[in-house]
Amino acid sequence: MDYCPKVKNIVLLDSKGKRVAAKYCTDDWPTFSAKLAFEKSVFTRTQKTNAQTEAEVAMIDGFVVIYRFIQDLIFFVTGGDDENELILETVLQGFTDAVGLLLRNNVDKKTAVENLDVILLCLDEIVDGGKIMVSYLLLFDHFWIILETDGSAIAEKVSGNASDGGSILSDQTITQALATAREHLARSLLK
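Everything in this summary refers to the structure shown in the same document. (Residues numbered from 1 in each chain as written. Predicted model: local features only at pLDDT ≥ 70, side-chain atom pairs only at ≥ 80, totals over all residues. Heavy atoms only, no water.)

1. Some thoughts on the pattern of salt bridges
One pass over the structure, following the stated rule, counts 6 salt bridges. As a salt-bridge pair, glutamate 39 and arginine 19 come within 2.7 Å of each other at their nearest N and O atoms. Of the two residues, glutamate 39 sits in helix α1 (residues 32-46) while arginine 19 sits in strand β3 (residues 19-24), which places them 20 residues apart along the sequence. For arginine 19, a relative accessible area of 33% gives the class partly exposed. The closest approach of N and O atoms between aspartate 61 and arginine 45, which form a salt bridge, is 3.5 Å. Linking aspartate 61 in the loop between β4 (56-60) and β5 (63-70) with arginine 45 in helix α1, this pair joins segments that are 16 residues apart in sequence. (Salt bridge = Lys/Arg side-chain N within 4 Å of Asp/Glu carboxyl O. Helix = DSSP H or I, 4+ residues; strand = E, 2+ residues; numbered from the N terminus. Buried < 20%, exposed > 50% of the residue type's maximum accessible area, 1.4 Å probe, protein only.)

What follows is the structure, given as structure tokens:
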């Protein structure tokens, strides 16, 4: 049997356990209230740990959860109970690196909320559509398969400069950002 790494969700919570951003890739949490209950569960079970310098691993509600605190945010990546923790940690590292680059290392709740569009695009580049530079995204047995895991590649794709060789962190107007998002959506729909 072929083994393909899979991610069930990626969640970003604030220091009070409130959702900042999330992407659920499976139907393990079919309703909004089930998703909120899962988020409350992972927050409650991880809030007293010290995952500041490196990621921590926990088994929560039958899922492997990898998480890391950065200032007043908590980044979570969830996989099945048989998922490889190192692969999930690589996904988490790619996500935190990309967010750090795109937010110019000012990773806090205020900046994250102000740049929520960028964070959501990062989530899409990690586990959803578009032409992936390092690996491919496939829908396999109702799981989204990872991935782009290189933080700088994710940041480059999100900033829209991957093809023209521009810098990773160019300043874009709202119109340019919307055009880039429209282009990414069109490419993913045409595939």
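2. Looking at the sheet that holds β5
The strand order across the open sheet built from 5 strands is β3-β2-β6-β5-β4, with neighbouring strands paired in antiparallel fashion. Of all the strands in the sheet, the pair left with one neighbour each is β3 and β4. Adjacent strand axes in the sheet meet at a mean angle of 20°, parallel and antiparallel pairs treated alike. The strands touched by helix α2 (residues 85-102) within the sheet are β2 (9-14), β4, β5 and β6 (73-79), with β5 carrying the most contacts at an inclination of about 30°. Contacts from helix α4 (residues 116-127) reach β2 and β3, with the element oriented near 20° to β3. (Pairing = 2+ DSSP bridges. Axes fitted to C-alpha atoms, helices over the stretch in contact; angles between N-to-C directions. Contact = heavy atoms within 4.5 Å.)

3. Side note on the pairing of β6
A large share of β6 lies buried, amounting to 7 of its 7 residues. With burial as the criterion, each face of β6 is covered, one bearing Leu73, Phe75, Val77 and Gly79 and the other bearing Ile74, Phe76 and Thr78. In this structure, β2 lies alongside β6, joined through 6 bridges in antiparallel fashion. Looking across to β6, one finds that valine 11 is bridged to phenylalanine 76. Alignment of β5 against β6, held across 7 bridges, turns out to be antiparallel. Following the sheet pairing, phenylalanine 69 is matched in β6 by isoleucine 74.

4. A closer look at the packing of α2 against α4
If you want to describe how two helices pack, look at the angle between their axes and the distance between the axes. Contact geometry for α2 and α4: axes closest at 10 Å, N-to-C directions at 145°. Considering only the axes of α2 and α4, their crossing is right-handed. When α2 is examined against α4, the residues Val91, Phe95, Ala98, Val99 and Leu102 are found in contact with a partner set consisting of Val118, Ile119, Cys122, Leu123 and Ile126. For the contact of α2 with α4, the per-class residue count stands at 10 nonpolar, no polar and no charged. (Left-handed = near helix turned anticlockwise from the far one by under 90°. Nonpolar A, V, L, I, M, F, W, Y, C, P; charged D, E, K, R; others polar.)

5. Overview of α4
Between its first and last C-alpha atoms α4 spans 17 Å; for 12 residues at 1.5 Å apiece the expected length is 16 Å, and the two agree. Restricting attention to buried positions, one finds in α4 the residues Val118, Ile119, Cys122, Leu123, Glu125, Ile126 and Val127. (Expected span 1.5 Å × (residues − 1).)

6. Quick word on the side chain of glutamate 39
Note on glutamate 39: relative accessible area 2%, which makes it buried. Side-chain polar atoms of glutamate 39 contact the side chain of tyrosine 24, separated by 2.8 Å. Apart from the residues within four sequence positions on either side, glutamate 39 is in contact with Val11, Leu13, Arg19, Ala22 and Tyr24. (Polar contact = N/O pair within 3.5 Å; in protein donor to acceptor, adjacent residues only side chain to side chain.)

7. A short note on the pairing of β4
With 5 bridges joining them, β4 and β5 adopt antiparallel strand pairing. Note that in β5 the partner of glutamate 56 across the bridge is tyrosine 67. The antiparallel hairpin formed by β4 and β5 contains 2 residues in its connecting segment, where aspartate 61 sits at a positive phi of about 55°.

Function-wise, these values are silent; they only describe arrangement.
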